[in-house]
Amino acid sequence: MTVTAAAMVLTGCGSPAHVTRSTTVDRPPSPTVSPRIAATTKAGCEGRPDASGDILVRITTNGQPAVTQQLGGAWTWNTRTRRCDTPVEAVMSTASGNAGNCTQVAYASSNPGYQLTAAPAPPLKQVVATKGPAC
């Protein structure tokens, strides 16, 4: 983010007399407010704009062929932890860690043309989260 700053000299009743200098500085974007701080209720959480685009969730259970589903990018209220989770966090919090299971998550935008109906489900590109010993 580029920010232009100007310093002014004030006179009398607070009116600017003149600009003494003008500089341009590069600054990183301002950090966003943590979703856990900004949304402390279910309504506040679910009312937030989508956290991301759609996600793809690929699941293998006990050696069965993998299946994939596409989910939206909405925030989810976690009643157990009383916090607002991203779609990826929500999936990972409920994924099975049992033997023979594998849950993988990737963004749909990283997998253009992905065939949801293919059996078994093809591997995901640019996986952002995994859970389970069969991964």
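Note that this is a predicted model, so its numbers are computed, not measured.

## Structural notes on the environment of Gly73
Now for step 1: For Gly73, the location among the structural elements is in the loop between strand S4 (67–71) and strand S5 (76–78).
Now for step 2: Excluding anything up to four places from it in sequence, Gly73 contacts Asp50, Ala51, Ser52, Gly53, Asp54 and Pro87.

## Notes on unusual backbone geometry
Now for step 1: Cis geometry is found at the peptide bond from Ala119 to Pro120, where omega equals -5°.
Now for step 2: Within the secondary structure layout, Pro120 lies in the loop between strand S7 (102–107) and strand S8 (129–131).
Now for step 3: Located in the positive-phi region is Asn62, a residue other than glycine, with phi close to 45°.
Now for step 4: Tracing the backbone through its elements, the reader meets Asn62 in the loop between strand S3 (55–60) and S4.
Now for step 5: Residue classification places Asn62 among the exposed positions, given a relative accessible area of 55%.

## Some thoughts on the packing of aromatic side chains
Now for step 1: According to the stated counting rule, one finds zero aromatic pairs in the structure shown.
Now for step 2: Its end group placed over the ring of Trp75, Arg48 keeps NZ or CZ at 4.6 Å from the ring centre.

Conventions used here
- Residues numbered from 1 in each chain as written.
- Predicted model: local features only at pLDDT ≥ 70, side-chain atom pairs only at ≥ 80, totals over all residues.
- Heavy atoms only, no water.
- Helix = DSSP H or I, 4+ residues; strand = E, 2+ residues; numbered from the N terminus.
- Contact = heavy atoms within 4.5 Å.
- Buried < 20%, exposed > 50% of the residue type's maximum accessible area, 1.4 Å probe, protein only.
- Phe/Tyr/Trp six-rings, centres within 6.5 Å; stacked < 30°, edge-to-face > 60°.
- Lys NZ or Arg CZ within 6 Å of the ring centre and 35° of its normal.

These figures come from the coordinates and say nothing about function on their own.
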